[in-house]
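# What the coordinates show
For reference, the chains in residue letters:
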Amino acid sequence: MSLNLFQAMGNLGQDVDIKYLPDGRAVGNFSIACGEKWKDKTSGEIKESTEWIRCVVFGRRAEVISEHFKKGSQIYISGKMRTRMWEKDGTKHYATEIVVDNFQFCGTRNEGGQKAAQQAEAYQNTGSNQKSAPRTQQGNNNGMPDYSGAPTPNYDDFDDDIPF
């Protein structure tokens, strides 16, 4: 048995970069910063570490995140980790990123404030998931997403050399 589930809460490092696939679906790329602080036992100094997490989101979720989140906004994401490969000038390149299935507004740093949070909550509760969005199984009580019907994104549809 295996599980590919990733959860994080952090701040956007830049505004969401939105592009559109030839079929019209939106693709949003962004990174979030997750950090921690601690006091060094030997020196007494406050130390800090930041991890940058690359994220990609598809369909209406990409548009909602782009509309309501800006650089510095705090966000909670959950999804699955994927590593993709592309070749440029004969060199293979790899990128590991989180394919975001769910998100939530956090904190007060987002410009949309309460209204944006209400709109996102209303969107997520409508059950109007697009084809690219995994569905949560209704029959189980564990709340785990059902990925069986979710299509795998085709990164070859991008016009760019690097699809992010």
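Anything mentioned here points back to the structure above.
Residues numbered from 1 in each chain as written. Predicted model: local features only at pLDDT ≥ 70, side-chain atom pairs only at ≥ 80, totals over all residues. Heavy atoms only, no water.

### Remarks on the packing of aromatic side chains
Under the definition given, this model contains three aromatic pairs. Here the aromatic rings of Phe-69 and Phe-103 are separated by 6.1 Å at their centres, their planes lie at 80°, and the arrangement is edge-to-face. Linking Phe-69 in the loop between helix 1 (60-68) and strand 5 (74-88) with Phe-103 in strand 6 (residues 91-105), this pair joins segments that are 34 residues apart in sequence. Exposure remark for Phe-103: the relative accessible area of 1% places this residue in the buried category. Measuring from centroid to centroid gives 6.3 Å for Phe-103 and Phe-105, while their planes differ by 65°, and the two rings are edge-to-face. With respect to class, Phe-103 is no different from Phe-105; both count as buried. These aromatic residues form a ring-pair network of at least three members: Phe-69, Phe-103 and Phe-105. (Phe/Tyr/Trp six-rings, centres within 6.5 Å; stacked < 30°, edge-to-face > 60°. Helix = DSSP H or I, 4+ residues; strand = E, 2+ residues; numbered from the N terminus. Buried < 20%, exposed > 50% of the residue type's maximum accessible area, 1.4 Å probe, protein only.)

### Some details on the pattern of salt bridges
Under the defined criterion, the tally for this structure stands at five salt bridges. The partner of Asp-23 in a salt bridge is Arg-25, with the nearest N and O atoms 3.3 Å apart. Of the residues examined, Asp-23 reaches a relative accessible area of 55% and is grouped as exposed. In this structure Arg-25 comes out as partly exposed when scored by relative accessible area, which is 23%. Of the charged contacts in the structure, one is a salt bridge between Arg-60 and Glu-63, with a shortest N-O distance of 3.3 Å. Of this pair, Arg-60 and Glu-63 are both found in helix 1, three residues apart, which corresponds to roughly one turn of the helix. Arg-60 gets classed as partly exposed once you look at its relative accessible area, which sits at 29%. Judged by relative accessible area, Glu-63 falls into the partly exposed class, the value being 23%. (Salt bridge = Lys/Arg side-chain N within 4 Å of Asp/Glu carboxyl O.)

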